[in-house]
Amino acid sequence: MKTKRFNLAIVIVIAVLFSFCTVTKNNKANTSLQKAYQGKFLIGTALNANQIEEKEPHAAKLIPRQFNAATPENIMKSEIIHPAWDRYDFDLADKLIAYGKKYDIKINAHNLIWHSQLPVYVKAIKSADSLRTFFENHITTVASRYDGKVYSWDVVNEALNEDGTLRNSIFLQKLGPDYIVEAFRLAQKAAPNTQLYYNDYNIEEPKKRDGAIALIKKIQAAGVRIDGVGIQGHWRADRIPLKNIEESILEFSKLGIKVMFTELDLSVLPNPWDSNTADVSAKAENIAALNPYPNGLPDSVQAVFTKGYTDLFKLFLKHQDAISRVTFWGVNDTQSWLNDWPVNGRTNYPLLFDRNFNPKEAYYQIIKMTKQKQ
Ligand code: XIL
């Protein structure tokens, strides 16, 4: 009997030790990214609904330690926050504000005007008058509700084509080319205490960048406030356009606005197309050749990934005076939209924390470089 009890005790001790080790392992980043970058720029993450509600224990612990800025991945987009013509759903956005307050995390609200993830009734609008009414009501209602509660807004998202011309969205078609200036004017009125940004992908590329610069100058010339520009940063780990990124930091900051990297992730999977788009409507079929690492990333690819992040952060540190925030598009690899875009059901590895919330080598490298002389 005694030996049985003794054995049981040993089993319990081993189990407790084992679970303790797993927990320690899962939280083994005792270092903090946001602390390492304090005084340089904010370090942000995109948050999904579960994370805002603190339903994932590992994420709940990791997020406030690593990040001091957050962008809602989906819950403030118009299809969620404004689901019917005369109905708003502020529930999750209000929770996000409370979450930010609790952990001292600055919220970048995303976004007010975007052609994607629109509510169905907006897509069906025929008359310019009705669209204008939606446009004015939406911006005014949502931006004023969160004025002073969020730090910033992505006022307009992805308004440009790759050649720098204006995207032929429902807003351009029905409201004309001044709709972007108007969006900022309305946001400025509704949210005088909130930073206002233009956000897009590929605006580091020369032609699209010129379009963005023209857009920003037009807003400024109209006497309307724009405080910053967000370069999304959905890149391939082996093809980061470092030269174009550096030129963009310099050129955008010459306009007297802040530069941010707002949706950073580095894909390690093959691209179904030659072009590098982040258009959410782009879709390709899932074939095995497009999903080469379902069971783990080979060391050689991991090394390319680490180098990608290291090169990028070297550049960010060099231009830290111009950069106010770098936000990753998700907390860990499980969450990343790149598992399902542009191909459904792949296994991608684009973020600094792996599927078990363990920090990768890239994480340690970009912390280490803050301690070295630039
Ligand atoms: C993505 C989200 O991550 C996905 O969950 C959603 O299904 C589609 O949108 N550019 C943006 C982001 O501005 O809002 C997009 O987020 C990614 C591309």
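Let me sum up the structure you'll find in this document. (Residues numbered from 1 in each chain as written. Predicted model: local features only at pLDDT ≥ 70, side-chain atom pairs only at ≥ 80, totals over all residues. Heavy atoms only, no water.)

**So, the side chain of His234**
Within the fold, His234 resides in strand E7 (residues 234–236). Engagement of the side chain of His234 in a polar contact is seen with the side chain of Glu263, the distance being 2.7 Å. Here the side chain of His234 touches Asp265 through a polar contact of 2.7 Å, side chain to side chain. Among all residues touching His234, those that are not within four sequence positions of it are Glu263, Asp265, Asn276, Ala278, Trp329 and Trp337. (Helix = DSSP H or I, 4+ residues; strand = E, 2+ residues; numbered from the N terminus. Polar contact = N/O pair within 3.5 Å; in protein donor to acceptor, adjacent residues only side chain to side chain. Contact = heavy atoms within 4.5 Å.)

**Some points on the pairing of strand E5 (residues 195–200)**
Regular strands place side chains that alternate from one sheet face to the opposite one. Across the 6 residues that make up E5, a large majority, 6, are buried. Sheet topology places strand E4 (residues 152–157) next to E5; 5 bridges connect them, and they run parallel. Of the residues in E5, the one forming a bridge with Asn157 is Asn199. Alignment of E5 against strand E6 (residues 228–231), held across 4 bridges, turns out to be parallel. Paired with Asp200 across the bridge in E6 is Ile231. Traced from E5 through helix H11 (residues 206–221) to E6, the parallel crossover comes out right-handed. (Buried < 20%, exposed > 50% of the residue type's maximum accessible area, 1.4 Å probe, protein only. Pairing = 2+ DSSP bridges. Right-handed = clockwise from strand over helix to strand, strands pointing away.)

**A look at the site of the ligand**
Near the ligand there are 15 residues, and of these Glu73, Lys77, His110, Asn157 and Glu263 occur at the shortest range. Between the ligand and Asn74, the relevant distance is 2.9 Å, taken from an oxygen atom to a side-chain nitrogen or oxygen of the residue. Between an oxygen atom of the ligand and a side-chain N or O atom of Gln117, the distance comes to 3.2 Å. Protein contacts shield 83% of the accessible area of the ligand, which totals 410 Å² for the unbound molecule. Split into classes, the residues belonging to the shell around the ligand amount to 5 nonpolar, 6 polar and 4 charged. (Near = heavy atom within 4 Å. Areas by Shrake-Rupley, 256 points an atom, 1.4 Å probe, with all protein chains shown as cover. Nonpolar A, V, L, I, M, F, W, Y, C, P; charged D, E, K, R; others polar.)

**Some details on the packing of H11 against helix H12 (residues 242–254)**
Contact geometry of H11 with H12 gives a least axis separation of 11 Å together with a crossing angle of 15°. With respect to their mutual orientation, H11 and H12 come out roughly parallel. H12 is crossed by H11, and the crossing has right-handed handedness. Counting all contacts with H11, which are made through Pro206, Arg209, Ala212, Ile213 and Ile216, the residues of H12 involved are Asn244, Glu247, Ser248, Glu251 and Phe252. Taken together, the residues of the contact of H11 with H12 sort by class into 5 nonpolar, 2 polar and 3 charged. (Axes fitted to C-alpha atoms, helices over the stretch in contact; angles between N-to-C directions. Parallel < 35°, antiparallel > 145°, perpendicular 65-115°, else oblique. Left-handed = near helix turned anticlockwise from the far one by under 90°.)

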